[in-house]
Amino acid sequence: MRESSHSPYTAREALCANIARLAAGEGDALAAIYAATSAKLYGICLRILGDEKEAEDALQDVYIDLYRRADRFDPARASPISWLACMARNRAVDRLRAGGKVRGGAVPEDEAHSVADGALAADERLLLDERDARIHHCLETLDAAQRGAIRDAFFGGATYAALAEGANMSVSAIKSRVHRGLAKLKICLERE
């Protein structure tokens, strides 16, 4: 069956199917996932890190994580692109918190064995992933204007002034839109 390039629902189904294939051990599904998502995920990493090489490294980490953890994706909790975008955001933020330019703080290879693993334990990571999936699920319940403003502000780092300019609105109107959206988001998260 031929997929329509104009149907986001079909793209979502294809992405879900490829993640399920990857979880089942079909490694070739990763290429299809990469082709469908890499531009968007790279954009998220680049916006957060502001460095092409760092963004490329963060993106590589995202796909390594996906390869290892594809079985954790639950399409009932989040859309596949939201789940992957959350992974990309988290990876980029982790790299940023590690001191910005990871390359500048790299340990020489012969000393690498003595560096402690600062990664979260698997159960802590799972809890954070579940929380992130709930957030993205609840974001999808907001109207498009609120959802877009919240995503741009919190995932893209946009200021109220930048949001207002982009929407051709006053800063106070944008603040109201974001605050109303956050209030709805909070109610949804409390129900989850």
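What you see is a predicted model, and the numbers here were worked out from it, not measured in a lab. (Residues numbered from 1 in each chain as written. Predicted model: local features only at pLDDT ≥ 70, side-chain atom pairs only at ≥ 80, totals over all residues. Heavy atoms only, no water.)

Q: Looking at this structure, I do not really get the overall build of the protein. What am I missing?
A: When helices and strands are tallied, the protein shows eight helices and zero strands. The burial tally for the protein puts 32% of its 192 residues in the buried class. Within the protein, contacts between residues separated by at least 24 positions form 62% of all contacts whose residues are at least 6 apart in sequence. Carbon together with sulfur atoms contributes 53% to the accessible area of the protein, which is approximately 11,700 Å² in total. (Helix = DSSP H or I, 4+ residues; strand = E, 2+ residues; numbered from the N terminus. Buried < 20%, exposed > 50% of the residue type's maximum accessible area, 1.4 Å probe, protein only. Contact = heavy atoms within 4.5 Å. Areas by Shrake-Rupley, 256 points an atom, 1.4 Å probe, with all protein chains shown as cover.)

Q: For this particular structure, what's the right way to read the confidence of the model for the protein?
A: Confidence in the prediction for the protein averages 81 pLDDT; 80% of positions are at 70 or higher. No element of the protein has a lower mean pLDDT than helix α5 (residues 122-139), at 76, and none a higher one than helix α3 (residues 52-69), at 92. In the predicted structure, residues 102-109 sits below a pLDDT of 50 and forms seven contacts with residues beyond four places in sequence or in another chain. The low-confidence segment residues 111-117, where pLDDT is below 50, has two contacts with residues more than four positions distant or belonging to other chains. (pLDDT = per-residue confidence, 0-100.)

Q: What is the right way to read the state of the cysteines from this model?
A: Two cysteines whose sulfur atoms are joined by a covalent bond form what is called a disulfide. This structure, assessed with the given rule, holds one disulfide. The side chain of Cys-138 participates in a disulfide bridge whose partner is Cys-188; the two sulfur atoms lie 2.1 Å from each other. Here the disulfide of Cys-138 and Cys-188 is left-handed, its torsion about the S-S bond being about -75°. Pair noted here: Cys-138 is in helix α5 and Cys-188 is in helix α8 (residues 171-191), with a separation of 50 residues, a long-range link. Accessibility assignment for this pair places Cys-138 and Cys-188 in one class, buried. (Disulfide = S-S within 2.5 Å.)

Q: Would you mind going over the packing of helix α2 (residues 29-49) against helix α4 (residues 80-97) with me for this structure?
A: Each pair of packed helices gets described by two things: the angle between the helix axes and the distance between those axes. Taken N-terminus to C-terminus, the directions of α2 and α4 make an angle of 35°; their axes are 9 Å apart at the nearest point. Every pair of crossing elements has a handedness; the one defined by α2 and α4 is right-handed. Of α4, the residues touching α2 (which contributes Ile-33, Thr-37, Lys-40, Leu-41, Ile-44, Cys-45, Ile-48 and Leu-49) are Ile-81, Leu-84, Ala-85, Ala-88, Arg-89, Ala-92, Val-93, Arg-95 and Leu-96. The residue makeup of the contact of α2 with α4, split by class, is 13 nonpolar, one polar and three charged. (Axes fitted to C-alpha atoms, helices over the stretch in contact; angles between N-to-C directions. Left-handed = near helix turned anticlockwise from the far one by under 90°. Nonpolar A, V, L, I, M, F, W, Y, C, P; charged D, E, K, R; others polar.)

Q: Help me out: how do you make sense of the layout of surface pockets in this one?
A: The gaps left among the atoms become clear once a water-sized probe is rolled over them. Within this model, the second largest pocket holds a volume of roughly 300 Å³. If you go around the second largest pocket, you meet 16 residues; those closest to its centre are Lys-40, Ile-44, Ala-85, Arg-151 and Phe-155. For the lining of the second largest pocket, the elements supplying multiple residues, two or more each, are α2, α4 and α6 (144-155). The biggest single contributor to the lining of the second largest pocket is α4, with five residues. Of the residues in the lining of the second largest pocket, the class split is five nonpolar, four polar and seven charged. (1 Å grid on protein atoms, 1.4 Å probe; cavity = no way out; pocket = protein on both sides within 12 Å on 5 of 7 lines; lining within 4 Å. Points joined across faces, edges and corners; volume = space filled by probe spheres on them.)

Q: Sorry if this is basic, but what is going on with the packing of α3 against α4 here?
A: Their axes nearest at 9 Å, the elements α3 and α4 cross at an angle of 130°. Overall, the two elements α3 and α4 adopt an arrangement that is oblique. Between α3 and α4 lies a crossing whose hand is right-handed. Here Glu-54, Asp-57, Ala-58, Asp-61, Val-62, Asp-65, Leu-66 and Arg-69 of α3 come into contact with α4, specifically with Trp-83, Leu-84, Met-87, Ala-88, Arg-91, Ala-92 and Arg-95. Here the residues of the contact of α3 with α4 are counted per class, giving eight nonpolar, no polar and seven charged. (Parallel < 35°, antiparallel > 145°, perpendicular 65-115°, else oblique.)

Q: Even after reading the chapter, I still don't get the packing of aromatic side chains, so can you show me in this structure?
A: As enumerated under the stated definition, the model contains two aromatic pairs in all. On the basis of an interplanar angle of 45° and a centroid distance of 5.1 Å, the ring pair of Phe-73 and Trp-83 is categorised as tilted. In this pair, Phe-73 sits in the loop between α3 and α4 while Trp-83 sits in helix α4, placing the two residues ten residues apart along the sequence. For the pair formed by Phe-73 and Trp-83, the shared burial category is buried. (Phe/Tyr/Trp six-rings, centres within 6.5 Å; stacked < 30°, edge-to-face > 60°.)

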